[in-house]
Amino acid sequence: MSFTTLNVNAKPFVPNVNAAEFVPAFATKCCGQQIQCALENGDTEMSTEEPWDQKEAEPDEEEPGGGDRGPEVQAASEELAPEMMEEEEESPVPKVPPTQPDAPRKEHINVVFIGHVDAGKSTIGGQIMYLTGMVDKRTLEKYEREAKEKNRETWYLSWALDTNQEERDKGKTVEVGRAYFETEKKHFTILDAPGHKSFVPNMIGGASQADLAVLVISARKGEFETGFEKGGQTQEHAMLAKTAGVKHLVVLVNKMDDSTVNWSLDRYEECKEKLVPFLKKVGFNPKKDIHFMPCSGMTGANLKDPTDICSWYSGLPFIPYLDSLPNLNRSSDGPVRLPIVDKYKDMGIVILGKLESGSISKAQQLVMMPNRHVVEVLSLLSDDVETDNAGPGENLKLRLKGIEEEEILPGFILCNAENLCHSGRIFDAQIVIIEHKSIICPGYNAVLHIHTCIEEVQIKALICLVDKKTGAKSPKRPRFVKQDQVCIARLRTAGTICLETFKEFPQMGRFTLRDEGKN
């Protein structure tokens, strides 16, 4: 097969944070080691050569259709130059039906619940569904009886999200649970991420679809310390959420009703004091990006209504606080970008994913990248409600015509033919090494997580080092890089992937490398 190299000229990386505060917004130690990375942005031009020099690019533009998630510390994903090796081909132009005026809709917000295993994420999710009327009392009573028969009385609320029998038996979330609820102003999709370190790849997939993250920590004596210390998932999940582009973090201090806590202000402040310096180091602004609140997932205290038990907390309860957040800046005018999360057969081929940009209508024809299949949308559901059209931020199920199930893989992208996403196997990326025990040299192998795609990748060459303070690039190629350094490297994936420059699509231009403890 012949390939054509697609060059994207990159600009120097100049983070707009102080040197003392510079922390890449990505990467951490996950079941091994992790490196934070991102695609460099720039203007695209076709070339058959592979120059090492990078040209200056224009300043970053507004995120097209993906939504403004707030101020961001652009550490690992400010730049990159995908050097696509796939040959550009002509694609058939699909027909697009005339767009119909949208009826007024509530804004869609995707909320991912993250944190250490057993912190109470699924229980809080189940309680929220009950408090908002998404699960009726009879159903919960049925769950409670079944849980009691298995001597798991306190797990029944989590069963609203942990529907898999294995998850219910073990009390551990494995797949990212999905549910939704509505408030007066907004429509929320709950993404219940697994807390166990063995399922970190699933957690990354959930965080990559989120607009807002809720970090759940347990105030119970000993449990908070276990989750926060090295080896726990509290730190790791917070880093990964920042890596995935989440800019606003709500910290729920759960289990405040526990006998070791009893809604103690001292314990609440103790947890807060330990967390804030770490979250600031990760890249969150404590004054603008983080909001702490106490709660009890088991009793529902301070989730929907204020509680008299916690008189020292004067802020809004959790659900009203989410409803009070400012709207995201989204536009449906951008090109269609829908990374595929999953697929299955149900009277046709059904795919699941979050629409990151653009709008999709019933009977519209789209292109599945990177295999360039033209497909037609037979029907679409937004959070299981059938609709004729959908906008950015919505979680969709699309029934497609013109493609077989085996021709679709998670990580494929639905696009409109007028503006296809880039695809390829070789690209240049700016990488920030957050935590890695040894040096990294050309030939280093890792696992790449980008939007909903997971692929093996190898560093083919180190192009230059990047100064954290000035953004200046070293004139010579480094022989190796190590922890806390920033570099631009050339990467090659095992298979063809879909990706974009960070400048054009931040959601598809940031990624994480993990080595699974192999090195």
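Every chain begins its residue count from 1, and numbering advances along the sequence as written. Note on the predicted model: pLDDT of at least 70 is required for a residue's local features to be given, and 80 or more for side-chain atom pairs to be given and counted; whole-chain, interface and lining totals, by contrast, use all residues. Side-chain calculation: all heavy atoms of the structure are included, whereas hydrogens and water are not.

The protein chain appears in an unreviewed UniProt entry as G1 to S phase transition 1, like from Takifugu rubripes. UniProt positions are given in the numbering used here, feature names are shortened, and annotations may be inferred rather than shown by experiment. According to the UniProt record, the Catalytic activity (unreviewed entry) comment for the protein chain is "GTP + H2O = GDP + phosphate + H(+)". According to the UniProt record, the Sequence similarities (unreviewed entry) comment for the protein chain is "Belongs to the TRAFAC class translation factor GTPase superfamily. Classic translation factor GTPase family. EF-Tu/EF-1A subfamily."

### Description of helix 4 (residues 200-207)
Residues Val-200, Met-203, Ile-204, Gly-206 and Ala-207 constitute the buried set of helix 4. For helix 4, the angular spread of the buried residues around the axis is 160 degrees, confining them to a single face. Using a 1.4 Å probe on the protein chains alone, a residue whose accessible area is under 20% of its type maximum counts as buried, one over 50% counts as exposed, and one in between counts as partly exposed. Counting from the N terminus, the helices are the DSSP runs of H or I reaching at least four residues and the strands are the DSSP runs of E reaching at least two. The directions from the helix axis to the C-beta atoms form the arc being described.

### Remarks on the pattern of salt bridges
Between side chains of opposite charge, a pair can form as their charged atoms come close. Each salt bridge in this description consists of a side-chain nitrogen of Lys or Arg and a carboxyl oxygen of Asp or Glu lying within 4 Å of one another. Scanning the model with the defined rule gives 13 salt bridges in all. Glu-223 is the salt-bridge partner of Lys-255, the closest N and O atoms lying 3.0 Å from each other. A residue pair is termed long-range when its members are at least 10 positions apart, and Lys-255 in the loop between strand 9 (249-254) and helix 7 (265-282) and Glu-223 in helix 5 (residues 223-228) qualify at 32 residues. With a relative accessible area of 26%, Glu-223 lands in the partly exposed category.

### A look at the packing of aromatic side chains
Aromatic pairing here means that ring centres of Phe, Tyr or Trp (its six-membered ring) are within 6.5 Å. Orientation follows from the plane angle: under 30 degrees is stacked, over 60 is edge-to-face, and everything else is tilted. Under the criterion given, the structure shown has six aromatic pairs. Where Phe-224 meets Phe-228, the ring centres are 5.6 Å apart and the plane angle is 10 degrees; that geometry is what we call stacked. Highlighted residues: Phe-224 and Phe-228, both in helix 5, separated by four residues, approximately one helical turn. When its relative accessible area of 14% is taken as the criterion, Phe-228 is described as buried. Summarising the aromatic geometry, the rings of Tyr-268 and Trp-312 are spaced 5.0 Å apart at their centres and angled 45 degrees between planes, so their arrangement reads as tilted.

### Thoughts on the environment of Leu-265
Inspection of the secondary structure puts Leu-265 in helix 7. On the basis of relative accessible area, Leu-265 is assigned to the partly exposed category, the value being 36%. Separated by 46 residues in sequence, Leu-265 and Ser-311 have C-alpha atoms that sit 9.8 Å apart.

### Digging into the nonpolar core
Only buried residues count toward a nonpolar core. Its members are Ala, Val, Leu, Ile, Met, Phe, Trp, Tyr and Cys residues joined through side-chain atoms within 4.5 Å. The biggest cluster of nonpolar side chains holds 72 residues, and the ones touching the most others in it are Phe-113, Leu-279 and Phe-318. Both domains that furnish three or more residues to this core are identified here as domain 1 (108-324) and domain 3 (423-514). It only takes one pair of heavy atoms within 4.5 Å for two residues to be counted as in contact. For Leu-279, the residues in contact, after removing those within four places along its chain, are Leu-215, Ala-238, Leu-249, Val-251, Phe-284, Ile-290 and Phe-292. With 21 residues, the next largest nonpolar core counts Ile-431, Tyr-444, Ile-459 and Cys-487 among its residues. Note that the domain bounds were set by an automatic or database domain assignment.

### Things to note about helix 6 (residues 233-243)
When you tally the buried positions in helix 6, you get ten out of eleven residues, the bulk of the element. Listed in full, the buried residues belonging to helix 6 are Gln-233, Thr-234, Glu-236, His-237, Ala-238, Met-239, Leu-240, Ala-241, Lys-242 and Thr-243.

### Considerations on the pairing of strand 9
Across the six residues of strand 9, six count as buried, placing the element largely inside the fold. Covered by surrounding structure in strand 9 are Leu-249, Val-251 and Val-253 together with Val-250, Leu-252 and Asn-254, the residues of both alternating faces. Being paired, for any two strands, means DSSP has found at least two bridges between them. Relative to strand 9, strand 8 (residues 212-218) runs parallel, the two sharing six bridges. Paired with Ile-217 across the two strands is Val-253, which belongs to strand 9. Whether a crossover is right-handed depends on one test, that the path from the first strand over the helix to the second runs clockwise when the strands point away from the viewer. Read as a crossover between parallel neighbours, the route from strand 9 over helix 7 to strand 10 (residues 290-294) is right-handed.

### Comments concerning the layout of surface pockets
Space inside and on the surface of the protein is sampled on a 1 Å grid over the protein atoms alone, with a cavity defined as a set of points where a 1.4 Å probe fits but cannot get out and a pocket as an open set with protein on both sides within 12 Å along at least 5 of 7 lines; lining residues have an atom within 4 Å of a point. Grid points are joined across faces, edges and corners, and a volume is the space filled by probe spheres set on the points. In this model, the largest pocket occupies a volume close to 700 Å³. In terms of lining residues, the largest pocket is bounded by 30 residues, among which Val-176, Arg-178, Gln-209, Val-341 and Asp-342 are the most central. Of all the secondary-structure elements, those providing two or more residues to the lining of the largest pocket are strand 6 (177-182), helix 4, strand 11 (337-345), strand 12 (349-354), strand 18 (395-401) and strand 22 (453-466). In terms of residue count, the dominant contributor to the lining of the largest pocket is helix 4 (five residues). Ten residue types, Ala, Val, Leu, Ile, Met, Phe, Trp, Tyr, Cys and Pro, are classed as nonpolar, four, Asp, Glu, Lys and Arg, as charged, and the remainder, Gly among them, as polar. Taken together, the residues of the lining of the largest pocket sort by class into 13 nonpolar, ten polar and seven charged.

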